[in-house]
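Now for the letters of each chain:
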Amino acid sequence: MSEEIALFPLGTVMFPGGPLALRIFEARYIDLVRRCMRESSGFGIVLIREGQEAGGPAVTYDVGTLARIVDFSQQPDGLLGIRAMGERRFRILERRRARDGLNLADVEWLPVEAEVPLPEEFAELGPAIDAALTQIGEPYTDVERRPDDAGWVAGRLAEILPVPDVHKQHCLELDDPVERLRYLRPMFEVGYR
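Everything numeric here is computed off the predicted structure, so don't read it as measured data.

Remarks on the side chain of Thr65
Counting through the fold element by element, Thr65 comes out in strand 5 (residues 63–74). The class of Thr65 is buried, set by a relative accessible area of 0%. A polar atom in the side chain of Thr65 sits 2.6 Å from the backbone oxygen of Met14. Apart from the residues within four sequence positions on either side, Thr65 is in contact with Met14, Phe15, Pro16, Phe43, Gly44, Ile45, Gly86, Glu87, Arg88, Arg89, Phe90 and Leu172.

Quick notes on the environment of Tyr183
Relative to the helices and strands, Tyr183 resides in helix 5 (residues 177–189). In this structure Tyr183 comes out as partly exposed when scored by relative accessible area, which is 24%. Between the C-alpha atom of Tyr183 and that of Ala154, which follows or precedes it by 29 residues, the distance is 9.7 Å.

Topic: the pairing of strand 6 (residues 80–97)
Note that strand 2 (residues 19–24) and strand 6 share 6 bridges and pair antiparallel. When the bridges of strand 6 are listed, Pro19 appears paired with Met85. The pairing of strand 5 with strand 6 spans 10 bridges and is classified as antiparallel. Within the sheet, the bridge partner assigned to Asp71 lies in strand 6 and is Arg83. Count of turn residues in the strand 5/strand 6 antiparallel hairpin: 5 residues, of which Gly78 carries a positive phi of about 90°. Across 7 bridges, strand 6 lies against strand 7 (residues 103–109) in antiparallel orientation.

Details of the packing of helix 2 (residues 125–136) against helix 3 (residues 150–160)
Relative to each other, helix 2 and helix 3 sit at 50°, their axes nearing to 10 Å. It follows that helix 2 is oblique to helix 3 by the angle criterion. Handedness of the crossing formed by helix 2 with helix 3: left-handed. Across from Leu125, Gly126, Ile129, Ala132, Leu133 and Ile136 in helix 2, the residues of helix 3 making contact are Trp152, Val153, Arg156, Leu157 and Ile160. When its residues are assigned to classes, the contact of helix 2 with helix 3 shows 9 nonpolar, 1 polar and 1 charged.

Structural notes on helix 3
Of all 11 residues in helix 3, 10 are buried, a share of seventy percent or more. Burial in helix 3 covers these residues: Ala150, Gly151, Trp152, Val153, Ala154, Gly155, Arg156, Leu157, Ala158 and Glu159.

Structural notes on the nonpolar core
The tendency in soluble globular proteins is for nonpolar side chains to be buried side by side. Within the largest apolar cluster, 27 residues are counted, with the highest numbers of intra-cluster contacts made by Val153, Leu157, Leu181 and Leu184. The next biggest cluster of nonpolar side chains, apart from the first, holds 19 residues, and it includes Val33, Phe43, Ile69 and Ala84.

Focus on the confidence of the model for the protein
In this model, the protein carries a mean pLDDT of 90, and residues with pLDDT of at least 70 account for 95%. Considering each helix and strand of the protein separately, the mean pLDDT is smallest for helix 1 (residues 27–39), with a value of 85, and largest for helix 4 (residues 165–173), with 97.

Quick notes on the rules
Residues numbered from 1 in each chain as written. Predicted model: local features only at pLDDT ≥ 70, side-chain atom pairs only at ≥ 80, totals over all residues. Heavy atoms only, no water. Helix = DSSP H or I, 4+ residues; strand = E, 2+ residues; numbered from the N terminus. Buried < 20%, exposed > 50% of the residue type's maximum accessible area, 1.4 Å probe, protein only. Polar contact = N/O pair within 3.5 Å; in protein donor to acceptor, adjacent residues only side chain to side chain. Contact = heavy atoms within 4.5 Å. Pairing = 2+ DSSP bridges. Axes fitted to C-alpha atoms, helices over the stretch in contact; angles between N-to-C directions. Parallel < 35°, antiparallel > 145°, perpendicular 65-115°, else oblique. Left-handed = near helix turned anticlockwise from the far one by under 90°. Nonpolar A, V, L, I, M, F, W, Y, C, P; charged D, E, K, R; others polar. Core = buried A, V, L, I, M, F, W, Y, C linked by side-chain atoms within 4.5 Å. pLDDT = per-residue confidence, 0-100.

Okay, here's the thing in structure tokens:
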């Protein structure tokens, strides 16, 4: 069974359990934020394959993450700032645009990932990621820490590694968190070229 959600195409990948700070300035997205706050609903974050974040249409990947607004504020420049947390992955089945230009999609929800113990081969990553997030600070200050869970570690690692978004998107599309860690290993062991 599919469900309709609004999409927010971005030049970044969001993972379940991960934070995202956004500055909202387009009317269609201000209206979306209002609706999400009023209905306690979320919106889909999808990586742009072609196009740009602001203005015209953008072609996105098919797998994204539902974002839920956890805080908002008016920025010094007058724009609306929101903080959102990633909840669960989805796959786009059908896309359309509303009259106001908002991207809408019928999506199917991908299975909620069960916690998988961090395998011994990656045992050092849990504490290392936990320490790195403490050093980074915002936006990770309020993120729940689960350094023994392979999915949590893989998501945070993919978020903070300085690798092209296409690699992060590939990780988001993988269903197995240990497979995600194995995919990322060459990028954090010897550095990415």
